[in-house]
Amino acid sequence: MSKIGIFFGPLKGSTNKVAEKVKTALGDAAVLVPVKNATVADLEKFDKIIFGISTVGKDTWDSEFSSNEWAKFLPEISKVDYTGKTVAIFGLGDHITYTQNFVDFMGSLGKELINNNANVVGKVSTEGYEFDASEAVIDGQFIGLPLDEDFEPELTEERLSSWLQKIKPEFGL
Ligand SMILES: Cc1cc2nc3c(=O)[nH]c(=O)nc-3n(C[C@H](O)[C@H](O)[C@H](O)COP(=O)(O)O)c2cc1C
């Protein structure tokens, strides 16, 4: 059976921590791929992909954090045709401090994938989340799983495990 690639970044923070939890839950069916040094060729190897991304603010991404791992990898995303590929996304954010931009980058990534013909699974209802605005809400639901390790870490396990139960059959598990 083909493996699931868990493409995640940045290294060492909350996204990394959650990516490891996803890998532990999926076991041998999945491999971790840090986006730091990943390329189009790495993406093309997988028909099943889980993306993990955090939102660190558009201004910082464009300026002093221009070396951000995802800022470098995002152009690679758009070079791939995802026809026949199943993808799911989880996104780390902070619903208190950044309530106007909650998990925005998950939305940017999701839109890019949809434009490139991906079958995006694992959309999540906004019920149970408090925030003012989010680019990750597409057609009334989150395009992936929002997680807030800064202000709601106690909810991560439950949110993650119910999301994984939902997406597993989509990945043939
Ligand atoms: C400079 C900065 C900007 C941030 N901007 C946002 C934001 O716009 N929206 C959001 O939901 N979270 C924002 N956050 C919160 C992070 O997404 C959150 O802390 C996340 O868990 C970081 O994950 P990481 O450690 O994997 O990078 C920001 C954090 C920092 C430090």
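See above for the structure.
Residues numbered from 1 in each chain as written. Predicted model: local features only at pLDDT ≥ 70, side-chain atom pairs only at ≥ 80, totals over all residues. Heavy atoms only, no water.

S.K.: Mind showing me how you'd approach the overall build of the protein chain here?
M.R.: When you go through the protein chain residue by residue, the secondary structure sums to 6 helices and 8 strands. Along the protein chain, helices (α) and strands (β) appear in the sequence β-α-β-α-β-α-α-β-α-β-β-β-β-α when read from the amino end. The C-alpha radius of gyration of the protein chain comes to 15 Å, within 12% of the 16 Å expected for a compact globule of 173 residues. Its C-alpha atoms give the protein chain principal-axis dimensions of roughly 40 × 35 × 30 Å. Looking at the 173 residues of the protein chain, the share that counts as buried comes to 50%. A fraction of 77% describes how many contacts in the protein chain between residues 6 or more apart in sequence connect residues 24 or more apart. Split by element, the accessible area of the protein chain, about 8,200 Å² in all, is 49% carbon and sulfur. (Helix = DSSP H or I, 4+ residues; strand = E, 2+ residues; numbered from the N terminus. Rg over C-alpha atoms; globule rule 2.2 N^0.38 Å. Buried < 20%, exposed > 50% of the residue type's maximum accessible area, 1.4 Å probe, protein only. Contact = heavy atoms within 4.5 Å. Areas by Shrake-Rupley, 256 points an atom, 1.4 Å probe, with all protein chains shown as cover.)

S.K.: I tried to follow the pairing of strand β2 (residues 30-34) on my own but got confused; where do I start?
M.R.: Two faces make up the sheet, and in a regular strand the side chains alternate between them. As defined by bridge partners, strand β1 (residues 4-8) adjoins β2 across 5 bridges and the pair is classed as parallel. Bridged to Phe 8 within β2 is Pro 34. In this region the chain leaves β1, passes through helix α1 (residues 14-26) and returns to the parallel neighbour β2; the handedness of that crossover is right-handed. (Pairing = 2+ DSSP bridges. Right-handed = clockwise from strand over helix to strand, strands pointing away.)

S.K.: It is not clear to me how α1 should be interpreted in this structure. Could you clarify?
M.R.: Residue pairs three or four apart in sequence face the same way in an α-helix, which turns once every 3.6 residues. In this model, α1 (13 residues) spans 19 Å end to end at C-alpha, consistent with the 18 Å of a helix rising 1.5 Å per residue. Inspection of α1 places Thr 15, Asn 16, Val 18, Ala 19, Val 22 and Leu 26 among the buried residues, and these make up the whole buried set. Each buried residue of α1 sits inside an arc of 165° when the element is viewed along its axis, so together they form one side. Looking at the packing, one finds that the buried side of α1 touches β1, β2, β3 (48-54), β4 (86-92), β8 (145-147) and α6 (156-167). Of the residues one or two after α1, Gly 27 is the one with positive phi, at around 60°. (Expected span 1.5 Å × (residues − 1). Arc of directions from axis to C-beta.)

S.K.: What exactly am I supposed to notice about the packing of helix α4 (residues 69-77) against helix α5 (residues 104-115) here?
M.R.: The relative placement of two packed helices comes down to the angle between their axes together with the axis-to-axis distance. As a packed pair, α4 and α5 sit with axes 10 Å apart at the nearest point and diverge in direction by 15°. On the basis of their axis angle, the class for α4 and α5 is roughly parallel. Between α4 and α5 lies a crossing whose hand is left-handed. Taking contact as the criterion, the partners of Trp 70, Leu 74 and Ile 77 in α4 are, on α5, Leu 109, Glu 112 and Leu 113. (Axes fitted to C-alpha atoms, helices over the stretch in contact; angles between N-to-C directions. Parallel < 35°, antiparallel > 145°, perpendicular 65-115°, else oblique. Left-handed = near helix turned anticlockwise from the far one by under 90°.)

S.K.: How should I be thinking about the packing of aromatic side chains in this particular structure?
M.R.: Aromatic rings considered in pairs are described by the distance between their centres and by the relative angle of their planes. Under the defined criterion, the tally for this structure stands at 11 aromatic pairs. Ring geometry for Phe 131 versus Phe 142: centroids 5.2 Å apart, planes at 45°, classification tilted. Here Phe 142 lies in strand β7 (residues 141-142) and Phe 131 lies in the loop between β5 (119-120) and β6 (137-138), a separation of 11 residues in the sequence. (Phe/Tyr/Trp six-rings, centres within 6.5 Å; stacked < 30°, edge-to-face > 60°.)

S.K.: Can you walk me through the nonpolar core in this structure?
M.R.: Most often, soluble globular proteins keep nonpolar side chains buried together rather than apart. Of all hydrophobic cores here, the largest spans 52 residues; its most connected members are Phe 7, Ile 50, Phe 51, Ile 77, Leu 113 and Trp 163. Take this core: its biggest share by element is 5 residues, from β4. If near-sequence neighbours (up to four positions away) are discounted, Ile 77 is found in contact with Leu 43, Phe 51, Trp 70, Tyr 82, Leu 109, Glu 112 and Leu 113. (Core = buried A, V, L, I, M, F, W, Y, C linked by side-chain atoms within 4.5 Å.)

S.K.: What exactly am I supposed to notice about the site of the ligand here?
M.R.: Neighbouring the ligand are 16 residues; Thr 15, Thr 55, Val 56, Asn 101 and Asp 150 lie closest to it. Contact between the ligand and Val 103: an oxygen atom at 2.9 Å from a main-chain N or O atom of the residue. For the ligand, an oxygen atom lies 2.6 Å from a polar atom in the side chain of Asp 150. Calculation on the ligand without its partners gives an accessible area of 650 Å², and the protein chains cover 78% of this total. Class assignment for the residues of the shell around the ligand results in 6 nonpolar, 8 polar and 2 charged. (Near = heavy atom within 4 Å. Polar contact = N/O pair within 3.5 Å; in protein donor to acceptor, adjacent residues only side chain to side chain. Nonpolar A, V, L, I, M, F, W, Y, C, P; charged D, E, K, R; others polar.)

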